[in-house]
Amino acid sequence: MDDIRTLYYVLIVVYLVECVVRFRATGLIFATRLGRRWFHRTGGELYTTRSTAFFAGNPFPPFGGIFVVPGLAFAADKSGVANHLDHTLNRRSRPPLLPLDYKTYSEIESYELRSSTLRFNGSDFIVAGSEASALQIRDEIMALQSGPPAKREKQIRAKLRSAFDLEAARSRWNKFRGYARWLRPLAIADFVLIFIGLPLAYYYQELGRLWPYLLGGHLALLALNIAIFRAGHVRLFPELRFERYQQIAAMALSPPLLIRSVDLLGRDLFVGFHPLMIGRLLLAFEAYSALAAQALRDLRHPIPPRPRHSASDLDPDESKAAAAQKTADRYRKNALLPEVESFIIASGLKLESLLAPPDPREDDTARSYCPRCVALYTIPDGRCADCGVALCRVARSSPPAAELAGSTTLL
Ligand SMILES: [Zn+2]
């Protein structure tokens, strides 16, 4: 009987691991704890490394929802693609995952997808948030490459505009909900069977008699779950055939994964949309406006490129890196910023109020603030320790308390 107990503990551990969602640190997660109020997190709630963030989903029924929206991973212009965009909704700076690189469309000879990494001519070029995201990026770059060069700018703008298509996102969400409505009760039934039925049968020493029923119940739930999951996946991600069968196989082998099938189906639902727009769709207005401020501050005050110190950086790749930086910068300024700004204005918010400086009364010693992360600083000027962005002076109607105290002692 002790073997059964050990196996059961392993099952619990596997289940808890399955509740943890791993995503790219420059991305964003939208979640609910009990299925009602949505919130967003940049970086993981559990743990964040330089490249990866970890978020803990609600392990108990009724399960909440989780959508991962990867950050934009590349910038395209008329002549080529940069593997980097210094645009991140993460509060802290996140360095690019690969060295800055730039390829002109004529230089790209072959495409290859290795899970969530897109490779050009046999070497890694873009680390996307997921396979779904990598696939979309590949298709977008392929379309730019094969289209007439004169139309590329128009194509880039059209693609970007579609990332803010609220109706398209809403329609995807409704489709997903149609399948989730059926998957969730099955997942809850399986949770009850595995985490309540099984231990009870063991405790009352009835496992020997009841196991065929428990197993039969699980297999019935499994069959139903897989049928609905497959139908939903085909409709939502028709191109991700390999991933679909991989996930179905994993669910068949691992009961804990079956319980998380709603998360699994929805995880990449909003890939290709701008996170801000998903925020408009899911978040309460106050939370959305905080996200809008974050997105706007990020675009207006991007993290400056890291200075290159070492001599090894000054190789021929340097010019490619510079080209990548320049393209990403231009893309952000010319295409992305106006799109984000007009989306924010259309949603009823004012840009000036979102960009307002922090209230200096929060801290009497504050002399400056970071326009990106809004941290207050006691030094009059310099750079933000977190973002590296140049600080702005705090405007005060009256001198701060410390200075006032200083001047009285002088008198
Ligand atoms: Zn800062």
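That block above? That's the structure.
### What to know about the overall build of the protein
Then step 1. What the protein contains, in helices and strands, is 13 helices and 15 strands.
Then step 2. Across its three principal directions, the C-alpha atoms of the protein cover 90 × 65 × 45 Å.
Then step 3. Expressed as a percentage of the 411 residues in the protein, the buried residues total 34%.
Then step 4. In the protein, 67% of the contacts between residues at least 6 apart in sequence involve partners at least 24 apart.

### Notes on unusual backbone geometry
Then step 1. Each neighbour pair has its own omega, and for proline 61 with proline 62 the value is -5°, a cis peptide bond.
Then step 2. Summarising the element assignment, proline 62 is placed in the loop between strand S5 (52–56) and strand S6 (66–69).
Then step 3. Of note, the phi angle at glutamine 205 is positive, near 55°, even though the residue is not glycine.
Then step 4. Turning to its location among the elements, glutamine 205 is positioned in the loop between helix H4 (166–203) and helix H5 (207–236).
Then step 5. For glutamine 205, a count of 9 C-beta atoms within 10 Å puts it in the exposed group.
Then step 6. Even without a glycine there, the phi angle at valine 374 is positive, about 65°.
Then step 7. Here valine 374 is to be found in the loop between strand S13 (368–369) and strand S14 (376–377).
Then step 8. Judged by local crowding, valine 374 falls into the partly exposed class, with 16 C-beta atoms found within 10 Å.

### Some words on the sheet that holds strand S9 (residues 102–104)
Then step 1. The strand order across the open sheet built from three strands is S7-S8-S9, with neighbouring strands paired in antiparallel fashion. Looking at which strands have only one partner, the edges of the open sheet turn out to be strand S7 (75–76) and S9.
Then step 2. As paired strands, strand S8 (residues 80–82) and S9 are joined by three bridges and run antiparallel to one another. Along S9, the bridge assignment pairs alanine 82 with tyrosine 102.

### Describing the packing of helix H3 (residues 152–162) against helix H11 (residues 317–346)
Then step 1. The geometry of H3 relative to H11 is characterised by a closest axis approach of 10 Å and an angle of 30° between their N-to-C directions. The pairing of H3 with H11 is recorded here as roughly parallel in orientation. As H3 runs across H11, the sense of the crossing is right-handed. Contact residues: Ile156, Arg157, Leu160 and Arg161 in H3; Ala335, Leu336 and Glu339 in H11.

### Here we look at the sheet that holds strand S15 (residues 392–393)
Then step 1. In spatial order, the strands read S14-S13-S15; together these three strands make up an open sheet with antiparallel pairing. Single-partner strands in this sheet number two, and they are S14 and S15.
Then step 2. As judged from the two bridges shared by S13 and S15, these two strands associate in the antiparallel manner. Of the residues in S15, the one forming a bridge with tyrosine 369 is cysteine 392.

### A look at the nonpolar core
Then step 1. Formed by 78 residues in total, the largest nonpolar core has its most connected members in Ile29, Phe74 and Ile278.
Then step 2. Considering each element in turn, this core owes the most residues, ten residues, to H4.
Then step 3. Counting seven residues, the second-largest nonpolar core is a separate cluster that includes Ile303, Cys370, Tyr377 and Cys387.

### Remarks on helix H1 (residues 2–19)
Then step 1. Its 18 residues place the ends of H1 26 Å apart at the C-alpha level, agreeing with the 26 Å of an ideal helix rising 1.5 Å per residue.
Then step 2. The buried fraction of H1 is low, at one of 18 residues.

### Notes on the pairing of strand S11 (residues 117–120)
Then step 1. Residues of S11 alternate between two faces, with Leu118 and Phe120 buried on one and Thr117 and Arg119 left unburied on the opposite face.
Then step 2. Sheet topology note: the strand S10 (residues 111–114)/S11 ladder contains four bridges and is antiparallel. Bridge pairing in S11 links tyrosine 111 to phenylalanine 120.
Then step 3. In this structure, the hairpin formed by S10 and S11 is closed by a connection of two residues, where serine 115 is found at a positive phi of approximately 45°.
Then step 4. Relative to strand S12 (residues 123–127), S11 is paired through four bridges, and the arrangement is antiparallel. The residue bridging arginine 119 from the neighbouring strand is aspartate 124, located in S12.

### Observations regarding helix H9 (residues 275–282)
Then step 1. Among the eight residues of H9, seven are classified as buried, and the element is accordingly described as predominantly covered.
Then step 2. Within H9, the full set of buried residues consists of Pro275, Leu276, Met277, Ile278, Gly279, Arg280 and Leu282.
Then step 3. Looking at the buried residues of H9, the elements they touch are strand S2 (28–31), strand S3 (39–42), S6, H4, helix H10 (285–300) and H11.

### A closer look at the environment of glutamate 131
Then step 1. For glutamate 131, the position within the fold is in helix H2 (residues 131–146).
Then step 2. Setting aside residues no more than four positions away along its own chain, glutamate 131 makes contact with Ser115, Ser116, Leu240 and Glu243.

### Remarks on the environment of arginine 393
Then step 1. Along the polypeptide, arginine 393 turns up in strand S15.
Then step 2. In this structure arginine 393 comes out as exposed when scored by C-beta crowding, with 11 C-beta atoms within 10 Å.
Then step 3. For the pair arginine 393 and valine 14, spaced 379 residues apart in sequence, the C-alpha to C-alpha distance is 51 Å.

### What about the environment of asparagine 83?
Then step 1. With respect to the helices, strands and loops of the structure, asparagine 83 is situated in the loop between S8 and S9.
Then step 2. Given 26 C-beta atoms within a 10 Å radius, asparagine 83 is considered buried.
Then step 3. A C-alpha to C-alpha distance of 6.7 Å links asparagine 83 and alanine 73, two positions ten residues apart in sequence.
Then step 4. Excluding residues within four positions of it along the chain, asparagine 83 makes contact with Phe74, Leu98, Leu100, Asp101, Phe125, Ile126 and Ala324.

Procedures and definitions
- Residues numbered from 1 in each chain as written.
- Predicted model: local features only at pLDDT ≥ 70, side-chain atom pairs only at ≥ 80, totals over all residues.
- Helix = DSSP H or I, 4+ residues; strand = E, 2+ residues; numbered from the N terminus.
- Buried ≥ 20, exposed ≤ 12 C-beta atoms within 10 Å, placed from the backbone.
- Contact = placed C-beta atoms within 7 Å.
- Pairing = 2+ DSSP bridges.
- Axes fitted to C-alpha atoms, helices over the stretch in contact; angles between N-to-C directions.
- Parallel < 35°, antiparallel > 145°, perpendicular 65-115°, else oblique.
- Left-handed = near helix turned anticlockwise from the far one by under 90°.
- Core = buried A, V, L, I, M, F, W, Y, C linked by C-beta atoms within 7 Å.
- Expected span 1.5 Å × (residues − 1).

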